[in-house]
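Structural features, examined
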Amino acid sequence: MTKTTRILWIGLILMMIGIAAPTGLRADVVVLKNGNRFEGQILEETPDKIVLKMQFGTMDFKRSQVQEVKKTQGPAMPPPAQEPKPDEGPQPPSRPEALPGARPTAGTLGNIKVVQKIAQTTKNYAMNFKSALALLYDDDPRKMIRLSFFPYDLTDEDIETLKSSMLRNKPSPDPKIWTSPPEMYMTIYFEEGKERKQENIAEISWCFFGFAYSNESWVEEWKGAKARGAMRRFNLSMDGEKGTLEIMTSGSVTGKREISQPVQFITYTWNINATCKALVR
């Protein structure tokens with residue numbers, strides 16, 4: 001056995017030991033070369049790929065995309081929220097204290113992964129949210145809140161613009177992927193006549209704008225118990241017309257784009273843990 005062969009065998013044995021080791025107490029971190037970070041539990045690690053289990057699903061990363069893998073000791077990853085059956089009525093959602101690993105810093109509020117499938121071609125890309133703003137519509141009978149998430153920091157001028165319209169003039173976070181910055185909007189409706197509290201959520205809709213195509217959006221609506229189950233945490237604190245909103249939510253949805261031939265399937269998977277400024281519009 002040559003020296004090179006021995007080194008390869010030792011590396012494979014060490015890797016197999018790492019796979020076999022218990023992961024219940026690990027909070028593993030995969031850092032991509034584009035700067036994106038993903039936390040969860042590594043289920044598989046080979047010379048070609050890494051399989052990471054996260055709260056909202058499982059993701060595969062090619063080794064060529066990975067810059068660094070961090071394996072740290074931390075609290076066990078909480079199980080995903082169980083969606084109540086339609087005939088069970090409203091159920092109190094689970095409220096873990098935090099997502100796996102450390103709480104996001106001010107520079108990262110969460111991320112969204114986009115998988116675009118066209119015939120035999122699959123494109124994968126992800127974006128980190130860096131800022132968010134919640135606008136409260138007090139004149140709406142269902143106390144609507146519109147939450148906006150962006151891959152850049154908001155300026156005071158941006159916030160003023162968002163009070164009346166959506167932003168469209170910011171530079172793309174990655175011109176190789178997006179010609180303009182993609183945006184995510186979340187709208188929350190509450191039961192009419194009820195306060196803005198987690199247990200009173202009646203409907204949540206997500207709008208993904210410009211992720212797959214610069215001028216196209218996909219909207220997904222969840223109602224009733226499904227909407228309440230998606231909101232893992234909701235804490236609103238207001239002092240007059242200003243305050244803060246703390247939320248934690250995750251989910252996934254696949255859309256079918258039939259306007260193109262062949263038909264495309266685009267999957268959006270989001271994971272958000274944010275404390276953002278809240279303003280009465």
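This is a predicted model, so every value here is computed, not measured. What you see as residue numbers is a count from 1 along each chain, following the sequence as written. For this predicted model, a pLDDT threshold of at least 70 governs which residues receive local features, and a threshold of 80 or more governs which side-chain atom pairs are given and counted, while totals over whole chains, interfaces and linings are taken from all residues. In computing side-chain properties, one takes all heavy atoms of the structure into account and sets aside hydrogens as well as water.

A few points about the packing of aromatic side chains
Stacked, tilted and edge-to-face are the three classes assigned to paired rings of Phe, Tyr and Trp, where Trp is represented by its six-membered ring and a pair needs centres within 6.5 Å; plane angles under 30 degrees give stacked, over 60 edge-to-face, the rest tilted. Evaluated as defined, the whole model comprises 13 aromatic pairs. Relative to W270, the ring of W206 has its centre 4.7 Å away and its plane inclined at 40 degrees; by these criteria the two rings are tilted. Pair noted here: W206 is in strand 11 (residues 201-209) and W270 is in strand 15 (residues 264-280), with a separation of 64 residues, a long-range link. Here the aromatic rings of F208 and F211 are separated by 6.2 Å at their centres, their planes lie at 75 degrees, and the arrangement is edge-to-face. For the pair shown, F208 and F211 are each scored as buried. Secondary structure is summarised from DSSP: a helix means a run of H or I of at least four residues, a strand means a run of E of at least two, and numbering begins at the N terminus for each. Partly exposed describes any residue whose relative accessible area lies between the buried limit of under 20% and the exposed limit of over 50%, with all areas from a 1.4 Å probe on protein chains only and scaled to the type maximum.

A short note on the pattern of salt bridges
Pairs may arise between side chains of opposite charge once their charged atoms sit close together. We count a salt bridge whenever a side-chain nitrogen from Lys or Arg sits within 4 Å of a carboxyl oxygen from Asp or Glu. This model, assessed by the stated rule, comprises 10 salt bridges. Here E191 ties to R228 by a salt bridge, and the two come within 4.0 Å at their closest N and O atoms. Taken together, the positions of E191 in the loop between strand 10 (183-190) and strand 11 and R228 in helix 3 (residues 224-230) put the pair 37 residues apart, joining distant regions of the chain. Connected via shared salt-bridge partners are E191, K194 and R228.

Remarks on the nonpolar core
Each nonpolar core is a collection of buried residues, namely Ala, Val, Leu, Ile, Met, Phe, Trp, Tyr and Cys, held together in the definition by side-chain atoms within 4.5 Å. Counting residues in hydrophobic clusters, the biggest one holds 39 residues, and the most contacted among them are L147, F149 and I188. It is strand 15 that contributes the most residues to this core, 8 residues altogether. By size, the runner-up hydrophobic cluster in this structure holds 14 residues, among which are F150, L154, I159 and L279.

Side note on the confidence of the model for the protein
The score called pLDDT rates the predictor's confidence residue by residue, from a low of 0 to a high of 100. For the protein, mean pLDDT is 77; residues scoring 70 or higher make up 75% of the total. Two residues qualify as a contact provided that any one of their heavy atoms is within 4.5 Å of a heavy atom in the partner residue. Below pLDDT 50 for its whole length, residues 7-25 participates in 15 contacts with residues either more than four positions away or in separate chains.

A closer look at unusual backbone geometry
With a phi angle near 55 degrees, A119 is a residue other than glycine that sits in the positive phi range. Along the chain, the position of A119 falls in the loop between strand 6 (110-118) and strand 7 (121-129).

What to know about the pairing of strand 9 (residues 145-150)
Most of strand 9 sits inside the fold, with 6 of its 6 residues counted as buried. Side-chain alternation along strand 9 places I145, L147 and F149 on one buried face and R146, S148 and F150 on a second face that is also buried. Each pair of strands is called paired provided DSSP finds at least two bridges between the two strands. The sheet contact formed by strand 8 (residues 131-136) and strand 9 spans 6 bridges and is antiparallel. The partner of L136 across the bridge, within strand 9, is I145. Here strand 9 runs beside strand 10; their pairing, made up of 5 bridges, is antiparallel.

A few points about the pairing of strand 8
Burial of strand 8 is extensive: 6 of the 6 residues sit out of reach of the surface. Of the two faces of strand 8, the one carrying S131, L133 and L135 and the one carrying A132, A134 and L136 are both buried.

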